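Next come the chains, spelled out residue by residue.
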Amino acid sequence: ALQPSDALAEDDGIFLDLRPLRRRRVAIDSKCPSALLAAIRAHPALAVAKEISPDVEAVLDCGTLAAARGVATLRVLADRLPTRPSGPMQWSSAVPESRRIRLDPERMQVAARLGARPADEVLLAAGDEPVIVRRAGSTELLETSLDFDARENTRRPEIPLLVNWMVEQLLGAGLLDAIAI
């Protein structure tokens, strides 16, 4: 009870900011691998948009979606036959240990050669080959050469976690509670 008692209890109110609970809209390229699309669709903090619209906060592009100016984009590259990485997975020192997802290089494949320019930030590499790169520029752009199309990727538990991590990098905000990860 309030001391002294509240003389105008009728004007009391509680206001909750529910914006952090809203689902972030992601425009998806229908040509993306099914494991990647399933991870986006199943994510509790993401909502799928069929096309780029003003309320879209991120774009998942697998090569057929038109570029969107000013929208954070996750581009999945695949321009060659998938191969095993040439070395162990190495996270950037900018990625805290607690946010690093354990990836088995024996089960991972890359489907493109991903070059990094001097101003780019390599977030994950397989040996000396970049596999996730944050591109320098005014709009957030993450590119990955990881092969999400492999049949064994459809049931691997780290794929949804990796997708969550990449989208968090794009949006600059956590999407899942630490307990969920």
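Residue positions within a chain follow its written sequence, with the count starting from 1. In keeping with the predicted nature of the model, local features appear solely for residues at pLDDT of at least 70, side-chain atom pairs appear and are counted solely at 80 or more, and the whole-chain, interface and lining totals rest on all residues. Excluded from the side-chain calculations are hydrogens and water; all other atoms, namely the structure's heavy atoms, are used.

Enquirer: Could you give an account of the state of the cysteines, naming the residues involved and the relevant values?
Expert: A covalent bond between the sulfur atoms of two cysteines is referred to as a disulfide. A pair of sulfur atoms, both from cysteines and within 2.5 Å, is called a disulfide here. Using the criterion set out here, one finds one disulfide in the structure. Disulfide partner of Cys32: Cys62, at an S-S distance of 2.0 Å. The disulfide joining Cys32 to Cys62 has a torsion of about 100° about its S-S bond and is therefore right-handed. Linking Cys32 in the loop between strand E1 (24–28) and helix H1 (34–42) with Cys62 in the loop between strand E3 (58–61) and strand E4 (72–76), this pair joins segments that are 30 residues apart in sequence. Think of it in three bands: residues with accessible area under 20% of the maximum for their type are buried, residues over 50% are exposed, and the middle band is partly exposed, with areas taken using a 1.4 Å probe on protein chains only. The buried category is assigned to Cys32, whose relative accessible area is 5%. Only DSSP runs of H or I covering at least 4 residues are called helices, and only runs of E covering at least 2 are called strands; the numbering of each starts at the N terminus.

Enquirer: So what's going on with empty space enclosed by the protein? Residues and values would help.
Expert: Lining residues are those with an atom within 4 Å of a point, where the points come from a 1 Å grid over the protein atoms alone and group into cavities, where a 1.4 Å probe fits but cannot get out, or pockets, open sets with protein on both sides within 12 Å along at least five of seven lines. Grid points are joined across faces, edges and corners, and a volume is the space filled by probe spheres set on the points. On inspection of all chains with the given rule, the structure shows one cavity of 30 Å³ or more. The volume enclosed by the largest cavity comes to roughly 30 Å³. If you list the elements that add at least two residues to the lining of the largest cavity, you get E3 and helix H2 (158–171). Looking at which element gives the most residues to the lining of the largest cavity, the answer is E3, with three residues. Three categories are distinguished: nonpolar for Ala, Val, Leu, Ile, Met, Phe, Trp, Tyr, Cys and Pro, charged for Asp, Glu, Lys and Arg, and polar for the others, with Gly belonging to the last. For the lining of the largest cavity, the residue count by class is eight nonpolar, no polar and no charged.

Enquirer: Mind laying out the side chain of Glu168, listing which residues take part and the relevant values?
Expert: Tracing the backbone shows Glu168 in helix H2. Any two residues whose heavy atoms approach within 4.5 Å are treated as being in contact. Those residues in contact with Glu168 that lie beyond four places of it in its chain are Arg99, Ala173, Gly174, Leu175 and Leu176.

Enquirer: Let's hear about H2: which residues, and what values?
Expert: Compared with the 20 Å implied by 1.5 Å per residue over 14 residues, the 20 Å span of H2 between its first and last C-alpha is a close match. Taken across its 14 residues, H2 has 11 buried, putting it largely inside the fold. Those residues of H2 lying buried are Glu158, Ile159, Leu162, Val163, Asn164, Trp165, Met166, Val167, Glu168, Leu170 and Leu171. Remark: Gly172 follows H2 within two positions and exhibits a positive phi of approximately 70°. Multiplying 1.5 Å by the helix residue count minus one yields the expected span of that helix.

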